[in-house]
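An overview of the molecular structure
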Amino acid sequence: MDRIHILPDDLINRIAAGEVVERPASVVKELVENSLDAIATRIEVELIAGGRSFIRVSDDGTGMSDDDALLALERHATSKLGTGDDLVRIMTLGFRGEALPSIAAISRFTLSTSSDPAEGGTRISVEGGRILGVEALARARGTSIEIKDLFFNTPARRKFLHAPETELRHAQDVVFAAALARPDVGFRLDHGGRTLFDAPPAPDLVIRLNDLLKNRRQGQILNVEVSRGDLTITGLLVEGGGKGRPQMTLIVNGRPVRDRVIVGAVLRVLREAGSGFGGSRVILDIRLPPEDVDVNVHPAKAEVRFARAGAVFSAVEAALRSAIDASRSHPETPRLEPIQPFGQQIREARSSVYGSDHRSSPAAFTHPLFGESEIGIRDAEPAPISSRLGGPKPGAADTPFGRIIGQYRNTFIMLEGPEGLIIIDQHVAHERVLYEKFLRRLRGEKAPSQSLAFPRVINVGEALASAVARVEKLLLKVGIEAECFGSDTVRITALPPEIEPEEATRILTEMLERATALDQVPERVAEQLEDELASAMSCKAAVKANDPLSIEEQRALLNDLAAADNSYRCPHGRPIVLELSHIEMERRLGRR
Ligand code: ADP
Ligand code: MG
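Note that this is a predicted model, so its numbers are computed, not measured.

The subject of this paragraph is the site of ligand 1. With respect to spatial proximity, 22 residues lie near ligand 1, and among them Thr-78, Ser-79, Lys-80, Arg-96 and Gly-97 are the closest. Contacts to ligand 1 include Asn-34, whose side-chain N or O atom sits 2.8 Å from an oxygen atom. A distance of 2.8 Å separates a nitrogen atom of ligand 1 from a polar side-chain atom of Asp-59. Taken by itself ligand 1 offers 530 Å² of open surface, and the protein chains cover 98% of this. Here the shell around ligand 1 is built from residues that sort into 9 nonpolar, 9 polar and 4 charged.

See the structure below:
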């Protein structure tokens, strides 16, 4: 590996910087990525209390020399990126030189490493970003990084950590995805002294998956494979027990990522294929030339952008279709038993640690708004047959609007109401709930606010920057801390948990533009802006159409909506609730 150096300024500015550390799982992700970049053949992850109190990631990779180990703790110090050209052809998982310094700034951090055991190794201890000591030590080649008391010096952020089991679930998802992306590397995950899994290097994905599931998977595995020019997709489709949505792991050039559109393509194919794929597991490993995929679009590198997205999606569809067709053309294939849900053994281990199993299926993604809730996996449990066939009375209501039937096209929540079918637009519903919440904060309710490890710096031009003073106080009331930073630049230093940094950038620019435009009537400005701010924030933070919601999330949203002052119109006046009465339904279907 190259020596570590500090990136030049122009390159720093082209990097999608931002919050690297949101929770223990983000630390685990960054450290595991570093170990993989260091060509480790074995990575061990140890956690206590879901990583809240202790995280250690150890590898047998290249290690670092004494000098490099110190340099690695500087911001924008990396061995992985040299020139701007490298940014379009990133071959490593890391490239920003941000992770180690960011993590060390908010924890008690110890790095021990050796690149050549004959020359010894080094240990560096850091607390809240301050180097406490550097000492020589003897150790094997490789690196071990220990993090204690994450966020100990940023109590506001510490407060937003979830229960240990939730944090563990996120961290475990990260290690699982990495283990699926790199079957050739051995992975072990320990929690509170118990080994949750220990997967030795495996020759292929099937063996890796079996190791992770400890051979408890019972469904048939279909091979997914397609190659189109320099794009290849390989993977597995593990048939499920017929219930629930599929779980997906998407890997692009060795990097586990999220991508809604690919998820959509997979769901479409599985739906077309009909029964048999509920609860299945899909692992897709997409390989394409590095210049055809931009990995520098998301602060945590969790999303990518494809240069030829259409080609990727159609290849994904084709790959899955042919896997399914191939399996169907072998009718002698024995009927399959339901598979053990992925990660089941982890949850069992966890339930014995925490006393009870808190969830029935692992998450595909964590929803940004519902935090620890899960999305994308479960639909509403089917109602008992008697209530599905109807009859004079609707089933027991589980929300103030009626009984949830489920989500329609991931956009509308359908309910059985006392008088008929109720259809609720999830986006406008959530927008209304949030709008009222932000208004209450603007009118005095205390707003939670988390300071950003890396403030967002936005160049807005001098005209807008000079309007900051006019909106500063208003923004502060909703938990957005923004300040002038030079004559044409604004800096966001803290945000409420509902708002993502990207959204905050847009909201702030919008507010500055409005404050500048409304300049003439100062008395009215504040009042007018209050309302605009609440609606801009609620629109940006609300769940969108096509966002899958779990049944609990749907229920929580409907309960909040029912508690709102106005449950029937969004802040822009759009209706939220549509009702199709039972009488009307019967009339149209010729029953009356
Ligand atoms: P990045 O991964 O973006 O380069 P990091 O802050 O994560 O930035 O790491 C900084 C540098 O420290 C890396 O470029 C690498 O040279 C070195 N480094 C970090 N972790 C390890 C490790 N586990 N083994 C060897 N080198 C490492
Ligand atoms: Mg890194």
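Attention shifts here to the pairing of strand β6 (residues 120-127). Across 7 bridges, the pairing between strand β5 (residues 108-116) and β6 is antiparallel. What sits directly across from Thr-113, in β6, is Thr-122. Between β5 and the antiparallel strand that follows it, β6, lie 3 residues. Of the strand pairs in this sheet, β6 and strand β7 (residues 130-137) are connected by 7 bridges, and their pairing is antiparallel. In the sheet register, Glu-127 faces β7, and the bridge partner there is Arg-130.

Attention shifts here to helix α18 (residues 551-563). Given a rise of 1.5 Å per residue, 13 residues ought to cover 18 Å, and the 18 Å separating the end C-alpha atoms of α18 matches this to within 8%. Along α18, the residues that are buried comprise Ile-551, Glu-553, Gln-554, Leu-557, Leu-558 and Leu-561. For α18, the angular spread of buried residues about the axis comes to 160°, placing them on one side.

To continue, consider helix α13 (residues 426-442). Taking 1.5 Å per residue as the helical rise, α13 with its 17 residues ought to reach 24 Å, and the 24 Å between its terminal C-alpha atoms agrees with that figure. By the N-cap criterion, in which a side-chain oxygen at the helix start approaches the backbone nitrogen of a residue two or three places on, α13 is capped by Asp-425, the distance to His-427 being 3.1 Å. Just past α13, the residue Gly-444 takes up positive phi, approximately 125°.

As for its placement among the helices and strands, Arg-574 is situated in the loop between α18 and β26 (577-581). Looking at Arg-574, the relative accessible area reads 42%, which means it is partly exposed. Those residues within four positions of Arg-574 in sequence are excluded, and the remaining contacts are Asp-425, Val-428, Tyr-568 and Arg-569.

Grouped burial of nonpolar side chains is what soluble globular proteins tend to show. In terms of nonpolar packing, the biggest core is built from 57 residues, with Val-28, Val-32, Ile-43, Val-45, Phe-109, Ile-147 and Phe-187 touching the most fellow members. Sorting elements by how many residues they give to this core places helix α7 (residues 164-181) first, with 9 residues. For Val-32, the contacting residues outside a window of four places in its chain are Ile-43, Val-45, Val-57, Ala-178 and Phe-187. The next biggest cluster of nonpolar side chains, apart from the first, holds 38 residues, and it includes Leu-81, Leu-267, Ala-315 and Ala-323.

At a minimum axis distance of 9 Å, the contact between helix α15 (residues 468-477) and helix α16 (residues 501-517) shows a crossing angle of 125°. Relative to α16, the element α15 lies oblique. With respect to the hand of their crossing, α15 and α16 are arranged in right-handed fashion. Only Leu-508, Met-511, Leu-512, Ala-515 and Thr-516 of α16 make contact with α15, whose side of the interface consists of Val-468, Arg-470, Val-471, Leu-474 and Leu-475. Tallied by class, residues from the contact of α15 with α16 come to 8 nonpolar, 1 polar and 1 charged.

Mean pLDDT for the chain: 81, with 82% of residues reaching 70 or above. Residue range residues 331-392 is modelled with pLDDT below 50. Its contacts to residues more than four positions away, or to other chains, number 139 contacts.

It is worth spelling out the pattern of salt bridges at this point. According to the stated counting rule, one finds 33 salt bridges in the structure shown. The partner of Glu-303 in a salt bridge is Arg-258, with the nearest N and O atoms 3.4 Å apart. Residue Glu-303 is found in the loop between β16 (293-294) and β17 (305-306), and its partner Arg-258 is found in the loop between β14 (255-257) and α9 (260-273); the two are separated by 45 residues along the sequence. Glu-303 gets classed as partly exposed once you look at its relative accessible area, which sits at 33%. Of the residues examined, Arg-258 reaches a relative accessible area of 30% and is grouped as partly exposed.

Okay, the packing of α13 against α18 next. The relative placement of two packed helices is expressed as an angle between their axes plus a distance between the axes. Contact geometry for α13 and α18: axes closest at 9 Å, N-to-C directions at 55°. Compared by their axis directions, α13 and α18 come out oblique. For α13 against α18, the interelement crossing comes out left-handed. Where α13 abuts α18, its residues Gln-426, Ala-429, His-430, Arg-432 and Val-433 lie against Leu-557, Asp-560 and Leu-561.

With antiparallel pairing, 4 strands are arranged side by side in an open sheet as β20-β21-β22-β26. Single-partner strands in this sheet number two, and they are β20 (403-408) and β26. Strand-to-strand, the axes of this sheet are offset by a mean angle of 25°, without reference to chain direction. Direction of pairing for strand β21 (residues 412-416) relative to strand β22 (residues 420-425): antiparallel, over a ladder of 5 bridges. Of the residues in β22, the one forming a bridge with Met-414 is Ile-423. Against the sheet, α13 contacts β20, β21 and β22, and its axis sits at roughly 65° relative to β22. Here α18 sits on the sheet and contacts β20, β21 and β22; the angle it forms with β20, its principal contact strand, is near 115°.

Looking now at unusual backbone geometry. Phi angles above zero are rare outside glycine, and Ala-49 is one such case at about 50°. Note on placement: Ala-49 falls in the loop between β2 (42-48) and β3 (54-59). With a phi angle near 65°, Phe-151 is a residue other than glycine that sits in the positive phi range. Within the secondary structure layout, Phe-151 lies in the loop between β8 (142-148) and α6 (155-159).

Scoring rules and cut-offs
Residues numbered from 1 in each chain as written. Chains lettered and ligands numbered in written order. Predicted model: local features only at pLDDT ≥ 70, side-chain atom pairs only at ≥ 80, totals over all residues. Heavy atoms only, no water. Near = heavy atom within 4 Å. Polar contact = N/O pair within 3.5 Å; in protein donor to acceptor, adjacent residues only side chain to side chain. Areas by Shrake-Rupley, 256 points an atom, 1.4 Å probe, with all protein chains shown as cover. Nonpolar A, V, L, I, M, F, W, Y, C, P; charged D, E, K, R; others polar. Pairing = 2+ DSSP bridges. Helix = DSSP H or I, 4+ residues; strand = E, 2+ residues; numbered from the N terminus. Expected span 1.5 Å × (residues − 1). Buried < 20%, exposed > 50% of the residue type's maximum accessible area, 1.4 Å probe, protein only. Arc of directions from axis to C-beta. Contact = heavy atoms within 4.5 Å. Core = buried A, V, L, I, M, F, W, Y, C linked by side-chain atoms within 4.5 Å. Axes fitted to C-alpha atoms, helices over the stretch in contact; angles between N-to-C directions. Parallel < 35°, antiparallel > 145°, perpendicular 65-115°, else oblique. Left-handed = near helix turned anticlockwise from the far one by under 90°. pLDDT = per-residue confidence, 0-100. Salt bridge = Lys/Arg side-chain N within 4 Å of Asp/Glu carboxyl O.

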